[in-house]
Amino acid sequence: MWWELIKNNLALVILLTLAIIICGADLIKAIGVWKAKRKASIDAKVQKQQEEKNLLDTLKELRADVKEANEKLKEQDDRFSKIEKKLEDLTESDMHNIKSWIVDQYHKFYVEQGWIDAFSADTLDHRYEDYKKEGGNSYIKTLMDRLHTLPMDPPNQTRRD
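Reading the values: the criteria
Residues numbered from 1 in each chain as written. Predicted model: local features only at pLDDT ≥ 70, side-chain atom pairs only at ≥ 80, totals over all residues. Heavy atoms only, no water. Helix = DSSP H or I, 4+ residues; strand = E, 2+ residues; numbered from the N terminus. Rg over C-alpha atoms; globule rule 2.2 N^0.38 Å. Areas by Shrake-Rupley, 256 points an atom, 1.4 Å probe, with all protein chains shown as cover. Lys, Arg positive; Asp, Glu negative; His and termini not counted. Charge placed at Lys NZ, Arg CZ, Asp CG, Glu CD. Core = buried A, V, L, I, M, F, W, Y, C linked by side-chain atoms within 4.5 Å. Buried < 20%, exposed > 50% of the residue type's maximum accessible area, 1.4 Å probe, protein only. Axes fitted to C-alpha atoms, helices over the stretch in contact; angles between N-to-C directions. Parallel < 35°, antiparallel > 145°, perpendicular 65-115°, else oblique. Left-handed = near helix turned anticlockwise from the far one by under 90°. Contact = heavy atoms within 4.5 Å. Nonpolar A, V, L, I, M, F, W, Y, C, P; charged D, E, K, R; others polar. Phe/Tyr/Trp six-rings, centres within 6.5 Å; stacked < 30°, edge-to-face > 60°. Lys NZ or Arg CZ within 6 Å of the ring centre and 35° of its normal. Salt bridge = Lys/Arg side-chain N within 4 Å of Asp/Glu carboxyl O. Patch = residues over 30% accessible without salt bridge, like charges linked within 9 Å, V, L, I, M, F, W, Y side chains within 5 Å. Expected span 1.5 Å × (residues − 1). Arc of directions from axis to C-beta.

(A) Highlighting the overall build of the chain. Looking only at helices and strands, one finds four helices and zero strands in the chain. Taken against the 2.2 N^0.38 rule, which gives 15 Å for 161 residues, the C-alpha radius of gyration of the chain at 51 Å runs more than 25% over that of a compact globule. Accessible surface, the chain: about 13900 Å² in total, of which carbon and sulfur atoms supply 59%. Here the chain holds 27 positive side-chain charges and 29 negative ones, and the gap between their average locations is 13 Å.

Written as structure tokens, this is what we have:
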């Protein structure tokens, strides 16, 4: 019975067999394309997760680097504060040293000698400017004004030409 049915409809059977083979081949291709797309989708998700992980790792490293840099900056700020304090102390000490030196020079030239040579007067003026730059402001101005009133030549002595 099946053989008779196949024999009577041989063209139809051949046509159906070819259709099944072609459709089967297309179905196999479609399954392959679907598997490839699914694999590509999974690979894309894996790659995206890996990129996110890499980004998070990079952010963690950056955070650690920034923390370390902040600690170093704080240490440097502390060092700079100490250096600034020492510089202020040294500047004040130098200012008092200049003041003491000007007082000594005042006693030497104004009180005892009564005259001053040009070189000493020039040096006193320069040191007095340093004194003012360092914040000195006291009776030293009065001493300097008095020193400027002194003659530049010793009394009762002629100059050599």
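(B) Examining the nonpolar core more closely. Judged by nonpolar contacts, the single largest core of 16 residues is most densely connected at I102, L124, I140, M144 and L147. Of all the secondary-structure elements, those providing two or more residues to this core are helix 2 (10-113), helix 3 (118-133) and helix 4 (140-148). Residue contributions to this core peak at six residues, all from helix 2.

(C) View of the packing of helix 3 against helix 4. Running from N to C, helix 3 and helix 4 point in directions that differ by 165°, and their axes come no closer than 12 Å. The angle between the axes of helix 3 and helix 4 places the two elements in the roughly antiparallel class. The two elements helix 3 and helix 4 meet at a crossing, and its hand is left-handed. Residue-level contacts link L124, D125, Y128 and Y131 of helix 3 to I140, K141, M144, L147 and H148 of helix 4. The class makeup of the residues in the contact of helix 3 with helix 4 is six nonpolar, one polar and two charged.

(D) Structural detail: the packing of aromatic side chains. Counting across every chain of the model gives two aromatic pairs. Between Y128 and Y131, the ring centres sit 6.2 Å apart and the planes meet at 25°, which makes this aromatic pair stacked. Here Y128 and its partner Y131 are both found in helix 3, three residues apart, which amounts to about one turn of the helix. Y131 matches Y128 in its accessibility class, with the two residues each being buried. Over the ring of W101 we find R127; its NZ or CZ atom is 5.1 Å from the centre of that ring.

(E) Quick peek at the pattern of salt bridges. Per the counting criterion, the structure on display carries seven salt bridges. Between D78 and K74 there is a salt bridge, with its nearest N and O atoms 3.6 Å apart. Taken together, the residues D78 and K74, both in helix 2 and four residues apart, mark about one turn of the helix.

(F) Expanded view of a nonpolar patch on the surface. Residues W2, W3, L5, I6, L10, I14, L18, I21 and I22 make up a contiguous nonpolar surface patch of about 1000 Å² in total accessible area. Only helix 1 (2-8) and helix 2 provide two or more residues apiece to the nonpolar patch. Structurally, the position occupied by W3 is in helix 1.

(G) Looking closely at helix 3. When the terminal C-alpha atoms of helix 3 are compared, their 23 Å separation across 16 residues agrees well with the 22 Å that a helix rising 1.5 Å per residue should span. For helix 3, the full list of buried residues reads S120, A121, L124, Y128 and Y131. The buried residues of helix 3 occupy an angular sector of 95° when projected down its axis, which confines them to one face. Pointing more than 90 degrees away from the buried face of helix 3 are the exposed residues F119 and K133. The elements touched by buried residues of helix 3 are helix 2 and helix 4.

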